[in-house]
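Chain by chain, the residues:
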Amino acid sequence: MKHRSLILAAILFVATLCGPQNTMAADAYTPFEGATTDWHGFDRYDFLIDEGTMEITPADANNKDDQSEKRRCIVVVPKTPAPGNPWSWQGCYWDHQPQAEIELLKRGFHIAYITANDKLKPDQKWDRWYAFLTEKHGLSKKPAFVGMSRGGEYAYVWATTHPDAVSCIYADNPGGASVNLGELQGLTRNHVPLLHVCGSIDPLLGKFSTPIETLYRQFGGRISVMIKDGYAHHPHSLPDPTPIANFIEQSVKEMASPPAMPDYVGDNPVKSYYYSTENSYREFPKDDAWITCRGPLFTGCYAQYEVGVDLHLRVTVIAPEKEVAGKPWVFRAGFVDRDAVTDQALLAAGFHIVVGPVGYNVDGPVVADWDKVYEYLTSYGFSKKTVMEGAGGAAGEVTNWAIANPDKVSCIYAEDPIFKTRMNKEQPLDNLAPLANAGVPFYCVSGAQDPALAANASTLEKKYRAVGGKVTILIQKGIARYPIGPKDTKPVVDFIVSRQRQ
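Please read all numbers here as calculations on a predicted model, not as lab measurements. (Residues numbered from 1 in each chain as written. Predicted model: local features only at pLDDT ≥ 70, side-chain atom pairs only at ≥ 80, totals over all residues. Heavy atoms only, no water.)

Colleague: Can you explain the sheet that holds strand β20 (residues 442-447)? Please cite residues and give values.
Modeller: Taken in spatial order, the 9 strands of this open sheet run β11-β14-β15-β17-β16-β18-β19-β20-β21, and their pairing is mixed. Strands with a single pairing partner mark the edges of an open sheet, and in this sheet they are β11 (270-275) and β21 (471-476). Put simply, the sheet's adjacent strands are angled 20° from each other on average, direction ignored. Sheet strands in contact with helix α13 (residues 490-500) are β18 (386-391), β19 (409-415) and β20, and its direction is about 165° off that of β19. (Pairing = 2+ DSSP bridges. Helix = DSSP H or I, 4+ residues; strand = E, 2+ residues; numbered from the N terminus. Axes fitted to C-alpha atoms, helices over the stretch in contact; angles between N-to-C directions. Contact = heavy atoms within 4.5 Å.)

As structure tokens, this is what we get:
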């Protein structure tokens, strides 16, 4: 056994020299020593933590039970530790549906556990076990959590009180009776991604998983959900654990080497994430299941920054995964909803989406503030010709800025527009000539039954053409005001992209 430990240490030393530096490990890796037993083909080490002194000592490998005033701790080691010494922490129910953890062991993860049940909840013993693994043995300071049912609840309890010491959480039909949902925000600030795998008829889905999902999204965090159609609380996990193991491995790698911030975010930016919540229904033959999937694992996911233009002016910028030449961008008013299909299509096409500032003590966007944002972003290479976008009443405000800055606008895109501004006495529909003279085209999408159609999009069409402007009005049959946005985004995106190239 001693020879095996020395071999593991040598392998890790070579991997450290050859691989990228990983700052997640607390110290140099120290292999585990002592007697072992077999756990699914890997070496298992057992320890006991004293309830009073917190001392951790090797346990009798053949006695798997807790002892009086001592709690069982387990660690299973991979054949070859992965760079950074990643590990997963089982929240409860050791060795129940362990297929994801076995796959992680094959990928170089350690697997750890401390006895937990309905009476043994996360406490100082968990903290001591974490310190033992990270400080004495050099495992990553940011473990991945695997939590099933009560184990999911405990994963959240420990993670929300140690939000900077977690790489990700995979929770399977999680409970949440003792979870402080308000503390989820600490996890979002530390960019901890979540994955829930749930049964569609498990009562805990609506009681705990869905509230956690809703709040985490609202806080700007990344949460993906896989809902197994027709499944109850059991069986947990997936027979083919590949999606789970991929999520954990990808999350750990990103936490070890986070992507660089773009230059325009300045000092102290606030980063969150934007993605669609549209459901996709997919067959997983290996799991004998149809699964509803949503979240960042299954759709485009984009970094969202709150950027300080100056001491008093902040703006939201959603960045595409890959920038395109010319750094095109959309300058819009109003929150970007999760069902903003046009914005999502433009992000996929390489556009930035910028939500212009609206002050708390004014009736709408202030042109001078938007001028500052424009000058700030173009100084970082953003296109000198921006796309103006607004849905509903926001359309009037973005048009108002465009009228004041027609030479800075490539086109105006509006969804079910209301062409009204609260910042000027002169309304946009009465002052369209500056835009027509600059050759700025409009593209409007409206529902045929929208009660505001006649007074807005239809009136724009008549008045803009009368002053020589170009306008396209897409009327969607059978739709009233909602849903806002086109059924098919391709014509809109093609129009906007073609304008950006001119």
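Colleague: Give me the lowdown on helix α9 (residues 367-378), citing residues and values where you can.
Modeller: An α-helix turns once every 3.6 residues. As a result, residues three or four positions apart point the same way. Here α9 spans 16 Å end to end across 12 residues, near enough to the 16 Å set by a 1.5 Å rise per residue. All of the buried residues in α9 are Trp370, Val373, Tyr374, Tyr376, Leu377 and Thr378. Check the buried side of α9 and you find it contacts β14 (301-308), β15 (314-318), β16 (329-332), β17 (352-355), β18 and α10 (394-404). (Expected span 1.5 Å × (residues − 1). Buried < 20%, exposed > 50% of the residue type's maximum accessible area, 1.4 Å probe, protein only.)

Colleague: Could you give an account of unusual backbone geometry, naming the residues involved and the relevant values?
Modeller: Residue proline 235 is bonded to the preceding histidine 234 through a cis peptide linkage, with omega at 0°. When you line up the elements, proline 235 lands in the loop between β10 (223-228) and α7 (242-256). Following tyrosine 482, the chain continues to proline 483 via a peptide bond in cis, the omega torsion being 0°. Tracing the backbone shows proline 483 in the loop between β21 and α13. If you check the backbone angles, tyrosine 93 has positive phi at about 60° while not being a glycine.

Colleague: Explain the packing of aromatic side chains residue by residue, including any values.
Modeller: In the structure shown here, the tally under the stated rule is 29 aromatic pairs. Ring centres of tryptophan 126 and tyrosine 154 lie 6.4 Å apart, and the angle between their planes is 80°; this geometry places the pair in the edge-to-face category. Of this pair, tryptophan 126 sits in helix α3 (residues 124-136) while tyrosine 154 is found in helix α4 (residues 150-161), placing the two residues 28 residues apart along the sequence. Comparing tryptophan 126 with tyrosine 154, the two get one shared label, buried. Centre to centre, the rings of tyrosine 264 and phenylalanine 382 are 5.2 Å apart; their planes meet at 85°, and the pair counts as edge-to-face. Placement of tyrosine 264 in the loop between α7 and β11 and of phenylalanine 382 in the loop between α9 and β18 is noted, with a sequence separation of 118 residues between them. Looking at tyrosine 264, the relative accessible area reads 0%, which means it is buried. (Phe/Tyr/Trp six-rings, centres within 6.5 Å; stacked < 30°, edge-to-face > 60°.)

Colleague: Tell me about empty space enclosed by the protein, and please be specific about residues and values.
Modeller: With the rule as written, the count across this model stands at 1 cavity of 30 Å³ or more. Size it by volume and the largest cavity reaches roughly 30 Å³. Surrounding the largest cavity, Pro365, Val366, Val367, Trp370, Glu397, Asn400 and Trp401 form its lining. The set of elements that each furnish at least two residues to the lining of the largest cavity consists of α9 and α10. Of the residues forming the lining of the largest cavity, the biggest block, 3 residues, is contributed by α10. (1 Å grid on protein atoms, 1.4 Å probe; cavity = no way out; pocket = protein on both sides within 12 Å on 5 of 7 lines; lining within 4 Å. Points joined across faces, edges and corners; volume = space filled by probe spheres on them.)

Honestly, that's just the spatial picture; any functional story needs more than this.
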